[in-house]
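Residues per chain, in single letters:
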Amino acid sequence: MAIEQENEMTDAEIDDFLSRHETGVLSLARTDEPYAIPISYGYDDDNREFYMRLVSTPESEKRQFLESSPEARLVVYDERESSYRSIIATGSLESIEPSELTPEEIAQYGEAKRPLFELWADGKEDLRIELYRLEPATLNGRWTKIDRQT
C-alpha cells in the first residue's frame, strides 16, 4: 500500500465533513496522563464549534478528567475505499449550564446522539449528564489517497 496523494482540507471541506459525521474520539490530557473516549457530537459550521453531552458516574475516570479542566483533542475520521480523511480539533472544553443555552445551541446538542441509559446496569441515579462546547484553537483536516495494489 502506497500513498498516492496527501492534501490539507479547506475550511469548507472540513465543515462539510464534520457536518456529515457524528462520532469521533475525544482525548483529554492532564499533566502526563492521557484519557480517550469515543463520543458523539453536534457541529455548528457557522461558528466552527462542537457540542457534546458527556455522561459519567461518580467514581469514573471520565469525571475525574472533566473536573480537572483538561486540554482536549477531538479526532473525527473515516476510510472509504482508497482514501482516508481525518479532522483534528484541539482546545479546551467549556462546561455549559443548560439555563445559558441559546436556541441555536440547543439545536446543536440535538445533533449529539445521547447514549442509551439502559446500558448502565447500576447506579442510573448517580449518572451526571453535562453539556460541553469545544471551540477549537486549531482545526485541521487532511485527506490521503492510497494505492492498495502497491
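Residues numbered from 1 in each chain as written. Predicted model: local features only at pLDDT ≥ 70, side-chain atom pairs only at ≥ 80, totals over all residues. Heavy atoms only, no water.

**A closer look at the overall build of the chain**
And then number 1: What the chain contains, in helices and strands, is three helices and nine strands.
And then number 2: For the chain, the sequential pattern of α-helices and β-strands runs β-α-β-β-β-β-α-β-β-α-β-β.
And then number 3: The buried share of the chain, taken over its 150 residues, is 39%.
And then number 4: Only carbon and sulfur atoms are counted for the fraction: they give 46% of the accessible area of the chain, which is about 9100 Å². (Helix = DSSP H or I, 4+ residues; strand = E, 2+ residues; numbered from the N terminus. Buried < 20%, exposed > 50% of the residue type's maximum accessible area, 1.4 Å probe, protein only. Areas by Shrake-Rupley, 256 points an atom, 1.4 Å probe, with all protein chains shown as cover.)

**Considering the pattern of salt bridges**
And then number 1: This model, assessed by the stated rule, comprises six salt bridges.
And then number 2: One salt bridge connects E8 with R142, and the closest N-O pair in it is separated by 2.6 Å. With E8 in strand β1 (residues 2-8) and R142 in strand β9 (residues 138-147), this residue pair connects regions lying 134 residues apart in the sequence.
And then number 3: Here D15 ties to R48 by a salt bridge, and the two come within 2.9 Å at their closest N and O atoms. Of this pair, D15 sits in helix α1 (residues 11-20) while R48 sits in the loop between β4 (42-44) and β5 (49-56), placing them 33 residues apart in sequence. (Salt bridge = Lys/Arg side-chain N within 4 Å of Asp/Glu carboxyl O.)

**A short note on the environment of S83**
And then number 1: Here S83 is to be found in strand β7 (residues 83-96).
And then number 2: Separated by 61 residues in the primary sequence, S83 and T144 place their C-alpha atoms 5.4 Å from one another.

**Let's talk about the nonpolar core**
And then number 1: With 26 residues, the main nonpolar core has L18, L26, F50, M52 and L93 as its most contacted residues.
And then number 2: Apart from the residues within four sequence positions on either side, L18 is in contact with Y41, Y43, F50, V76, I87 and L139. (Core = buried A, V, L, I, M, F, W, Y, C linked by side-chain atoms within 4.5 Å. Contact = heavy atoms within 4.5 Å.)

**Examining the environment of A36**
And then number 1: Looking at the element boundaries, A36 is found in strand β3 (residues 33-40).
And then number 2: Residue A36 is classed as partly exposed on the basis of its relative accessible area of 49%.
And then number 3: In sequence terms A36 and A72 are 36 residues apart; their C-alpha atoms lie 9.5 Å from each other.
And then number 4: For A36, the contacting residues outside a window of four places in its chain are V25, L26 and S27.

**Let's talk about the confidence of the model for the chain**
And then number 1: Mean pLDDT over the chain: 81, with 81% of residues reaching 70 or higher.
And then number 2: For the chain, per-element mean pLDDT is lowest for helix α3 (residues 103-111), which scores 64, and highest for α1, which scores 95.
And then number 3: Throughout residues 113-120 the model reports pLDDT below 50, and contacts reaching past four residues in sequence, or to other chains, amount to 12 contacts. (pLDDT = per-residue confidence, 0-100.)

**Looking at the packing of aromatic side chains**
And then number 1: Here the structure, examined in full by the defined rule, presents three aromatic pairs.
And then number 2: Measuring from centroid to centroid gives 4.9 Å for Y43 and F50, while their planes differ by 50°, and the two rings are tilted. Taken as a pair, Y43 and F50 share a single burial class, namely buried. (Phe/Tyr/Trp six-rings, centres within 6.5 Å; stacked < 30°, edge-to-face > 60°.)

**Here's the deal with the pairing of strand β2 (residues 23-30)**
And then number 1: The sheet contact formed by β2 and β3 spans eight bridges and is antiparallel. The residue of β3 that forms the bridge with R30 is E33.
And then number 2: Counting the residues between successive antiparallel strands, the hairpin from β2 to β3 contains two residues, one of them, T31, with a positive phi of roughly 45°.
And then number 3: Relative to strand β6 (residues 71-80), β2 runs antiparallel, the two being bridged by five bridges. Bridge pairing in β6 places L26 opposite L74. (Pairing = 2+ DSSP bridges.)

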